[in-house]
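Structural description and commentary
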Amino acid sequence: MRQGSTLIASVHTALDDSELVRFEHDLIHQIGEHRSRGVIIDVAALDVIDSFAALTLRRIAEMARLRGALTVLVGIQPEVAFTMVRLGMGTGQVPTALDLEEGLALLAAHPVAGTDSTERDARPGSTP
Amino acid sequence: MTEKSPITPDELSADFPALDREDEEQLLPQLVAHLREHRTRLQEEWSQRIQQAHLLTAMTPQEMAAETTSVYDNYVEVLETGNVEALQHYARDLSERIIPRGVETHEVVGIVLLLRDVLARSLFEKYQRDFSRLNEVLDAYEPAANRIANTVAVSFVDERERIIRQQQDAIRELSTPVLPVRERLLILPIIGVLDSERARQLTEQLLSGIRKHRAKVVVIDITGSPDVDEAVANHLVQTVDASRLMGASVIITGLSPKIAQTLVTIGVDLSKMNTIGDLQGGLEEAERLLGYTVTRKEGSTSS
């Protein structure tokens, strides 16, 4: 996880349900700790996003919004995107972007999340 | 192409178990010798029958003569050895040569059956006085002849299918081009009927195209596609959703009245679909979304 005023969480391996719950928990807490205005969840490493994962991601986005941060989902693989749509699990209101760079640009353009600069430290990401 | 395993003489002989071993061993060589002896006459008769039946009209008489000779020889050889591999090879080769000239399956099967008939008649003639002998000869001849007819037909159809597959691949590659027109802007012109197979491919190409070109806006132009069925329309909507998940917005242009009707009838949620009347309008909208402003240079001529 990297942070700045934007919190970046990248998922490196497939997560099972309990790991997802922990991920959700950790992320929500960190939003408060770091006073983040934006959250980027990078799922480029995931080959599969099941309904529970999609639900969790939507829940995270909703909770983050309640705590004052905008969530962007980035890096959904083409096959994953189409499978999700076929199974009728969209991302709801959660905005999506092609990759990290796009996600940051999207946050920067947003009136709430983009108010302050998105400085980040360069600590390597780790699995939550 | 499905490769047939070569048929061994064992398998062949399994087809006429009624014969005792000695008889069988003598019969086939006898038969082959007979067919070799009367080769010219039988072949001519065969050619005549082919002409009478108006088969292979796409070929010149010279070609016909050459091909009938080699088919005849191959035929007799298979009768002799029971090994159809060489014939298979020849039939495939022949098919490759004659398919582009519009020779039909029924013609190829027809000529082989004619040859079978001609040879059978000559056997009738030879053994007409000895009925039981004739029976035995036919027992030996028929399965082998059937096998040959089968082999030729299968080889021909295989070859044809191979060509069709090749062409399908070519069409498929051409049918869903994803064109980058500006940085981060893709155009996907769809021309012709969209079936579910093409729609699936379109999705695949579009999504990987979005990734490859880092596209933010995609214009799908379906002016050239007059009609889609419900499944494909649904698929199209899903493609738009999937593109959105990958961070690209999709503009659909050139919806025909009929497609618009289909989309409304199946009741998909169209509020998220960004549709614009024609390709020109779609491009302008895409440029607006990407922040381009296109202005014509002062003084340039418009045609």
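What you are looking at is a predicted structure, and each value in this text was computed from that prediction instead of being measured. (Residues numbered from 1 in each chain as written. Chains lettered and ligands numbered in written order. Predicted model: local features only at pLDDT ≥ 70, side-chain atom pairs only at ≥ 80, totals over all residues.)

Some remarks on the environment of Pro-95 of chain A
Residues and elements named next belong to chain A. Heads up, the condition is: Helix and strand assignments come from DSSP, with helices taken as H or I runs of at least 4 residues and strands as E runs of at least 2, each series counted from the N terminus. We call two residues in contact when the distance between their C-beta atoms, placed using the backbone, is within 7 Å.
The topology assignment puts Pro-95 in the loop between helix H3 (78-86) and strand S4 (96-97). Separated by 23 residues in sequence, Pro-95 and Val-72 have C-alpha atoms that sit 5.2 Å apart. Ignoring anything within four residues of it in the chain, the contact list for Pro-95 reads Val-72 and Leu-106.

A closer look at the environment of Arg-147 of chain B
All names here are of chain B. For clarity, the threshold we go by: Put simply, a residue is buried when 20 or more other C-beta atoms lie within 10 Å of its own C-beta and exposed when 12 or fewer do; between those, it is partly exposed, and each C-beta is set from the backbone.
Assignment of secondary structure puts Arg-147 in helix H7 (residues 131-175). Taking the number of C-beta atoms within 10 Å as the measure of exposure, Arg-147 has 19 and is therefore partly exposed. Taking C-alpha positions, Arg-147 is 9.3 Å from Gly-82, a pair spaced 65 residues apart along the chain.

Focus: helix H6 (residues 105-126) of chain B
Residue and element names in this part refer to chain B. Cut-off, in case you're wondering: What a helix should span is 1.5 Å times the count of its residues minus one. Read the arc as the range of directions from the helix axis to the C-beta atoms.
Counted at 1.5 Å a residue, the expected span for H6 with its 22 residues is 32 Å, and the 32 Å between its end C-alpha atoms agrees. Within the span of H6, buried status applies to Glu-107, Val-108, Ile-111, Val-112, Leu-115, Val-118 and Leu-119. The arc enclosing the buried residues of H6, seen along the axis, measures out at 140°, which places them on a common side. When the buried face of H6 is taken as reference, the exposed residues oriented beyond 90 degrees from it are His-106, Arg-121 and Phe-124.

Concerning the environment of Asn-74 of chain B
All names here are of chain B. When you line up the elements, Asn-74 lands in helix H4 (residues 61-81). Considering only alpha carbons, one finds Asn-74 and Ile-148, 74 residues apart in sequence, at a separation of 9.6 Å. Ignoring sequence-local partners within four residues, the contact set of Asn-74 consists of Ala-86, Leu-87 and Tyr-90.

A short note on the sheet that holds strand S4 (residues 249-253) of chain B
All names here are of chain B. Condition: Paired strands, in this sense, are two strands between which DSSP finds at least two bridges. To obtain an axis, a line is fitted to C-alpha atoms, over the contacting stretch when the element is a helix, and the angle between two such axes runs from 0 to 180 degrees between their N-to-C directions.
One open sheet accounts for 5 strands, arranged S1-S2-S3-S4-S5; its pairing is mixed. Single-partner strands in this sheet number two, and they are strand S1 (179-182) and strand S5 (274-276). Neighbour-to-neighbour, the strand axes of the sheet open up by a mean angle of 30°, direction not taken into account. In terms of strand pairing, strand S2 (residues 185-191) meets strand S3 (residues 217-224) through 6 bridges, oriented parallel. Within S3, the residue paired with Leu-186 across the bridge is Val-218.

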